[in-house]
Amino acid sequence: TPADAFKDKVATGGILNLKNIVDTDRDEVPDWWELMHFSNLEKSSSSDTDGDGFFDHQEFISATNPTIARSTIQFEQSEIHPNSTSSLKFKTALGRSYQVQRSDGNLDASSWYNVGEPIKGDNAIKTIYDEPKTNQTLRRFYRLRISIE
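Enquirer: Would you take a moment to explain the overall build of the chain for this structure?
Expert: From N to C terminus, the chain includes 3 helices and 6 strands. Its helices and strands in sequence order give the chain the pattern α-α-α-β-β-β-β-β-β, from N to C terminus. Among the 149 residues that make up the chain, the fraction classed as buried is 30%. Looking at the chain alone, contacts between residues at least 24 apart form 48% of all its contacts between residues at least 6 apart. For the chain, the computed accessible surface area is about 9800 Å², with 50% contributed by carbon and sulfur atoms.

Enquirer: What's the story with the nonpolar core in this structure? I'm lost.
Expert: A general trend in soluble globular proteins is that nonpolar side chains are found buried together. Counting residues in hydrophobic clusters, the biggest one holds 10 residues: Leu88, Phe90, Ala93, Tyr98, Val100, Val115, Ile119, Ile128, Leu144 and Ile146. When sequence neighbours within four positions are dropped, the list of residues in contact with Ile119 reads Phe90, Arg96, Ser97, Tyr98, Lys126 and Ile128.

Enquirer: Before we go on, may I ask you to explain the pairing of strand 1 (residues 75–80) in this structure?
Expert: Every other side chain in a regular strand lies on the same face of the sheet, so the side chains alternate between the two faces. Here strand 1 pairs with strand 2 (residues 86–91) via 5 bridges, running antiparallel. Note that in strand 2 the partner of Ile80 across the bridge is Ser86. Hairpin connection from strand 1 to strand 2: 5 residues lie between these consecutive antiparallel strands, with Ser84 at a positive phi of about 75°.

Enquirer: Is there a simple way to explain the side chain of Asp31 in this structure?
Expert: Within the secondary structure, Asp31 is located in helix 2 (residues 31–38). An unpaired buried charge is present at Asp31: no salt bridge exists, and Arg26, the closest side chain of opposite charge, is 9.7 Å distant. What Asp31 contacts, discounting residues up to four positions off in sequence, is Val22, Asp23, Thr24, Asp25 and Leu41.

Enquirer: Quick question: what am I supposed to make of the sheet that holds strand 1 here?
Expert: Think of a sheet as strands paired side by side through backbone hydrogen bonds, with each pair either parallel or antiparallel. On the basis of which strands lie adjacent, the open sheet formed by 3 strands has the order 1-2-5 and antiparallel pairing. Unpaired on one side and paired on the other, strand 1 and strand 5 (125–130) mark the two borders of the sheet. Strand-to-strand twist across the sheet, computed as the mean angle between neighbouring axes with direction ignored, equals 15°. Sheet topology places strand 2 next to strand 5; 6 bridges connect them, and they run antiparallel. Note on strand 5: the bridge partner recorded for Ser87 is Tyr129.

Enquirer: Looking at this model, I keep getting lost on the packing of aromatic side chains. Mind explaining?
Expert: Ring pairs (aromatic) are described by centroid distance and by the angle formed between their planes. Inspection of every chain in the model, using the stated rule, returns 5 aromatic pairs. With a centroid separation of 6.5 Å and 75° between ring planes, the pair formed by Trp32 and Phe60 is classed as edge-to-face. One end of the pair, Trp32, is in helix 2; the other, Phe60, is in helix 3 (residues 56–62), with 28 residues separating them in the sequence. A relative accessible area of 29% means that Trp32 is categorised as partly exposed. Given the relative accessible area of 8%, Phe60 is considered buried. Chaining the aromatic ring pairs together yields one cluster made of Trp32, Trp33, Phe38 and Phe60. Cation over ring: Arg96 sits above Phe60, and NZ or CZ is 5.3 Å from the ring centre.

Enquirer: It is not clear to me how the side chain of Asp27 should be interpreted in this structure. Could you clarify?
Expert: Locating Asp27 in the fold gives a position in the loop between helix 1 (18–21) and helix 2. For the buried Asp27, no salt bridge is present, and the opposite-charge side chain at shortest range is Arg26, 9.6 Å distant. A polar side-chain atom of Asp27 sits 3.1 Å from the main-chain amide nitrogen of Val29. Setting aside residues up to four positions removed in sequence, Asp27 forms contacts with Glu34, Lys43, Ser44, Ser45 and His57.

Rules and cut-offs
Residues numbered from 1 in each chain as written. Predicted model: local features only at pLDDT ≥ 70, side-chain atom pairs only at ≥ 80, totals over all residues. Heavy atoms only, no water. Helix = DSSP H or I, 4+ residues; strand = E, 2+ residues; numbered from the N terminus. Buried < 20%, exposed > 50% of the residue type's maximum accessible area, 1.4 Å probe, protein only. Contact = heavy atoms within 4.5 Å. Areas by Shrake-Rupley, 256 points an atom, 1.4 Å probe, with all protein chains shown as cover. Core = buried A, V, L, I, M, F, W, Y, C linked by side-chain atoms within 4.5 Å. Pairing = 2+ DSSP bridges. Lys, Arg positive; Asp, Glu negative; His and termini not counted. Salt bridge = Lys/Arg side-chain N within 4 Å of Asp/Glu carboxyl O. Axes fitted to C-alpha atoms, helices over the stretch in contact; angles between N-to-C directions. Phe/Tyr/Trp six-rings, centres within 6.5 Å; stacked < 30°, edge-to-face > 60°. Lys NZ or Arg CZ within 6 Å of the ring centre and 35° of its normal. Polar contact = N/O pair within 3.5 Å; in protein donor to acceptor, adjacent residues only side chain to side chain.

Laid out in structure tokens, this is it:
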């Protein structure tokens, strides 16, 4: 039903921005974004227009350009410091929230843990620090979870 489209979009007394939620082709990407990047609504959310390995829907969530392959979200720099603390840098975008996660070897869904608190995007490069590795930790994997605020 049309009312379902508004579910979880606004709280009592909040502001509803219809531009952000109108999705007439129901591909989970707002029409305004598709029109801005493709001039039409013909792409599906599982299209990878620029061939960079990220679906257009993921590019919307990441606030990257789906028509430019080098427009990606990634850790721009990672370092291991003398005390074995790790630091990771990444660029943020307005309207997005970022959560760095770590796995100490296993890549299954249950082995990822949050590193620090979520970070609110502000178009700046952010640095997050992780605790030192232990002798039992042979390697670590990091990923960045992005959500729309």
